[in-house]
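Below are the chains, spelled out letter by letter.
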There are 2 protein chains.
Amino acid sequence: MMADITPVLDRADANLPKSLERLFDLLRMKSISTDPAYNIECSKAAEWLARELQALGFDASVRDTPGHPMVVGHHPGEGSGAPHLLFYGHYDVQPVDPLELWEAPPFEPGLKEVEPGRKVITGRGTSDDKGQLMTFVEALRAYKETRGALPCRITILFEGEEESGSPSLKPFLEANADELKADYALICDTGMWDRETPAISAGLRGLVGEEIIVRAADRDLHSGLYGGAAANPIHILAEIVAGLHDETGRVTLDDFYEGVEETPTEVKATWEELESAAEKLLGEVGLSIPSGENGRSVLELTWARPTAEVNGIVGGYTGDGFKTVIAAQASAKVSFRLVGHQDPVKIRESFRAYVRSRIPADCSVEFHPHGASPAIHLPYDSALLNTAKAALSEEWPKPAVVIGMGGSIPIVGDFQSMLGMESLLVGFALADDRIHSPNEKYELASFHKGIRSWIRILDALAA
Amino acid sequence: MMADITPVLDRADANLPKSLERLFDLLRMKSISTDPAYNIECSKAAEWLARELQALGFDASVRDTPGHPMVVGHHPGEGSGAPHLLFYGHYDVQPVDPLELWEAPPFEPGLKEVEPGRKVITGRGTSDDKGQLMTFVEALRAYKETRGALPCRITILFEGEEESGSPSLKPFLEANADELKADYALICDTGMWDRETPAISAGLRGLVGEEIIVRAADRDLHSGLYGGAAANPIHILAEIVAGLHDETGRVTLDDFYEGVEETPTEVKATWEELESAAEKLLGEVGLSIPSGENGRSVLELTWARPTAEVNGIVGGYTGDGFKTVIAAQASAKVSFRLVGHQDPVKIRESFRAYVRSRIPADCSVEFHPHGASPAIHLPYDSALLNTAKAALSEEWPKPAVVIGMGGSIPIVGDFQSMLGMESLLVGFALADDRIHSPNEKYELASFHKGIRSWIRILDALAA
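Numbering of residues starts from 1 in every chain and runs along the sequence as written. Throughout, the order in which chains and ligands are written sets their labels, letters from A for the former and numbers from 1 for the latter. Local features in this predicted model are restricted to residues whose pLDDT is 70 or higher, and side-chain atom pairs enter the listing and the counts only when it is 80 or higher, whereas totals over whole chains, interfaces and linings include all residues. Derived side-chain values reflect all non-hydrogen atoms in the structure, with water molecules and hydrogen atoms excluded from consideration.

1. Quick notes on the relation of the copies chain A and chain B
Copy-to-copy superposition: least squares on the C-alpha atoms, limited to residues that have pLDDT of at least 70 in both copies. For the pair chain A and chain B, the best superposition has an RMSD of 0.1 Å and corresponds to a rotation of 180 degrees with a translation of 0.0 Å parallel to the axis. When the rotation and shift are considered jointly, the pair of chain copies conforms to a two-fold rotation axis. For this analysis, residues touch if any pair of their heavy atoms sits within 4.5 Å. A high fraction, 100%, of the interface residues of chain A reappear at the interface in chain B, so the copies pair face to face through one surface.

Structure follows, in structure tokens:
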């Protein structure tokens, strides 16, 4: 007979103030992985996490990589026959610019009452992913403090390069496959459907990132003297960007849609119920018209269709006032979200060929790759998923839903292909958490009920 | 009988080291007019110039405007019957970024031997326009020190807002029309044809500047969660930029070519002799293919055809690494060079209508105007021009040529329309002076022979 988990849940409730203090300690570390200026802060965060796990009885250590370190910990479980679980999260965060748009400094976390009875935790990394990974750590703590043991054998893997393309992850998984292999992987880096409805993500888009730098003259030119005769790299880049989509919103690259399948009608039917909320998704950020491919719903566009997006562009004079210059170069960061069986390598090649074909003979282009991962599809109907779904539905006001997901979590594919593990993607972020943007937040309820959700999921999986 | 000017020229030669010291003093002042951080440096430059003129016997003063101050000075001439001349130059300079591309700090002027017997003056403003305006001041000094008088009555007007659209100039000319009106205006802000061939500029393109800010969502979005459904302002802006030109290089705005006339065959014929040198113009900056309207020569494109150029663009994440964000906004600085009778007001309206028509209903656009001036045509054949041409041809190895000019000097139009004055545009800059770019320079020969050229021109005009 299973032990009652009520005392564990109660302990999580009682711990909440201290759990928040610990989270705030982690949030104060400026672990921006993409900017080398913060390397030491990344290491500090890794060391802090290793100490936290050790305090919970884990055999935990900081493990060097060519980039930012991993944290790996092992803890035996109490029940025989319970599965061995690998939990994954990432301690690195996105850059914080534009800094002036933050209402409070990004690395000074706080608790803010946004409406009566609803508090949010504010700061960079609250939702992506420090607040989320700590829901799992605090769930383990509640078990440990109540029962002196964990219900399952647990291995933990925290990485510090998720926001910069995870360059060290694959080699690390390869080199430590025996140590990291478990029965299932649990990943807490996704969202709820809405404030009341927990969600399990079963499809993730892949990602190809590419930076291009277009070069024309060997110096900035005066647009009066040269304008009309000298190539303008901003114009060339604008044509490249504008030509990426046709008038129906489809991406124009050769063979781009190879491996993209139409979503089955029965899946689309389940999404239709959610669609009005999806329209709200745009409304919440001040938009109303689905951009992208014509004739497809917001959910289909973000869950089941590939994209080409320019994430940044810069060239010429961008300061105050005006400068009549023709720039020597202009650059853009372009990313593609992939679905189905789109091949990241082929997509990158196709993009590069497309760009090269639009560069005039006396100009040049330089490419810098930034990450490549295929799309992932998890089974919509498995024992793991159904167990977690039932556990989540006990904790939250509304039953859990299984959803697609627009973002990319490359490790899911790596767990599948390299370690043969099925993953479960459960997270408590909300669409308005402003991850990657100024004023990122995480609902206090997400943190608190997230901890409680993991307690329930672990209990159900151990059974 | 005219006095011999040899002693005046000799005095200019003897003065050269001191003339350079004075120029360096002026170059050290960071008079960047477009950036309010340098307001005090602009005032310092104005005060320095007023003191220099006073030392030459001018009744000179710094005159406040709503922006940067003007310097106005008056000096009587020695000969009766000699014309009253107004000399115009500007003491403000362009911003200096990207600072890291400068070989020496931009406001620490120096003298550098670039090949045996050829020295250049280095630093921001050497060529545009401090070095040029000082050629005239030093010419006056040589007269004054040799003869104790100037050959003509001279009025001087130095402004400090030329690089930021001259917002105070028209009101100032209006308010001080009687004081500033002279027989002719001399302007030293243009270039030579090449190192050996002086030039008088007889056509100048007009300019319309416009900054546009395209806004989509009310915050930066995660491209995984929103990509494919949320409008991307960088895409919208790229389409606007790419659509500005058709496949033949023509500008697509409605009525853009209204008022643009084909260059007369006989004028084009005189340009053909210069064309091989014009192709070299592109070669010197690492380009080889004339961009812009198909089937037109480099000289025609830069002297006689209108343009649309993006001078700067920025949106999204542009730092190191990668950030998968959909930006909330993207902006561009766009300028149009005008020729013939193109109307700056209509061009701006046409551009705004074009942009508005390409903004999705749930996005918005904001416009900021930056200057507007029509094109200018000076007579190709006048007494003033012919006198100056002969004087220049005496000083330089090759005879002076009359050329068109791609840049814009709005004051020429204002002198014509508001003060009824014909202008003479003589300058000693070279195409490779890198004005508006890092490592701006001015040939020592331009400075030295520029001073001597003005001595000859003043002598010829006084006769």
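2. Some points on the sheet that holds strand β14 (residues 364–373) of chain A
Paired through backbone hydrogen bonds, the strands of a sheet run either parallel or antiparallel to each other. Strand pairing requires that DSSP identify at least two bridges connecting the strands. A run of H or I in DSSP counts as a helix once it spans at least four residues, and a run of E counts as a strand once it spans at least two, with each numbered from the N terminus. Strand order in the open sheet made by the 8 strands is β14(A)-β9(A)-β13(A)-β11(A)-β11(B)-β13(B)-β9(B)-β14(B), with antiparallel pairing throughout. Two strands bound the open sheet, and with one partner strand each, they are β14 of chain A together with β14 (364–373) of chain B. Strand-to-strand twist of the sheet, defined as the mean angle between neighbouring strand axes without regard to direction, takes the value 20 degrees. Relative to β14(A), strand β9 (residues 206–215) of chain A is paired through 8 bridges, and the arrangement is antiparallel. What sits directly across from A:R215, in β14(A), is A:S364. To obtain each axis, a line is fitted to C-alpha atoms, and for helices this fit is confined to the stretch in contact; angles are then taken between N-to-C directions over 0 to 180 degrees. Sheet strands in contact with helix α7 (residues 233–242) of chain B are β11 (307–316) of chain A together with β9 (206–215), β11 (307–316) and β13 (329–338) of chain B, and its direction is about 65 degrees off that of β11(A). In the packing of helix α11 (residues 344–356) of chain B onto the sheet, the strands contacted are β9, β13 and β14 of chain B, and the crossing angle to β14(B) comes to about 165 degrees.

3. Here's the deal with the domain arrangement of chain A
All names here are of chain A. Residue ranges for the domains trace back to a domain assignment, done automatically or taken from a database. Partitioning chain A into domains gives domain 1 (6–204 + 376–462) and domain 2 (206–260 + 306–373). Domain 1 and domain 2 are separated by 35 Å when their C-alpha centres are compared. Between domain 1 and domain 2, the residue contacts involve 6 residues of the former and 5 residues of the latter. By buried area we mean the combined loss of accessible area, with a 1.4 Å probe, across both parts when two parts are placed together. Interface area for domain 1 against domain 2, summed over the two sides, is near 400 Å², with a carbon-plus-sulfur share of 46%. What counts as a salt bridge is simple: a side-chain nitrogen of Lys or Arg found within 4 Å of a carboxyl oxygen of Asp or Glu. On inspection of domain 1 and its partner domain 2, the count reaches 0 salt bridges. Counted as a polar contact is a pair of N or O atoms within 3.5 Å, where, for protein atoms, one must be capable of donating a hydrogen and the other of accepting one, and residues adjacent in sequence contribute only when both atoms are in side chains. For the pair domain 1 and domain 2, the number of links is 0 residue pairs in polar contact (both at pLDDT 80 or more). Basically, the charged four are Asp, Glu, Lys and Arg, the nonpolar ten are Ala, Val, Leu, Ile, Met, Phe, Trp, Tyr, Cys and Pro, and anything else, Gly included, counts as polar. Of the residues belonging to the side of domain 1 that touches domain 2, the class tally is 2 nonpolar, 4 polar and no charged.

4. What to know about the pattern of salt bridges
One pass over the full model with this rule turns up 74 salt bridges over all chains. A salt bridge links B:E138 to B:R22, with the shortest nitrogen-to-oxygen separation between them at 2.9 Å. Here the residue B:E138 occupies a position in helix α3 (residues 130–147), and B:R22 occupies one in helix α1 (residues 6–27), the gap between them amounting to 116 residues. Ionic pairing is found between B:E211 and B:K333, a salt bridge with its closest N-O pair at 3.5 Å. Placement of the pair is B:E211 in strand β9 and B:K333 in strand β13, with a sequence separation of 122 residues. Across the pair, exposure class does not vary: B:E211 and B:K333 are buried alike. What you see here is one network of salt bridges that share partners, running through A:E115, A:R118, A:R195, A:D432, A:D433, A:K441 and A:E443. Relative accessibility decides the category of a residue: with a 1.4 Å probe and only protein chains considered, values under 20% of the type maximum give buried, values over 50% give exposed, and everything between is partly exposed.

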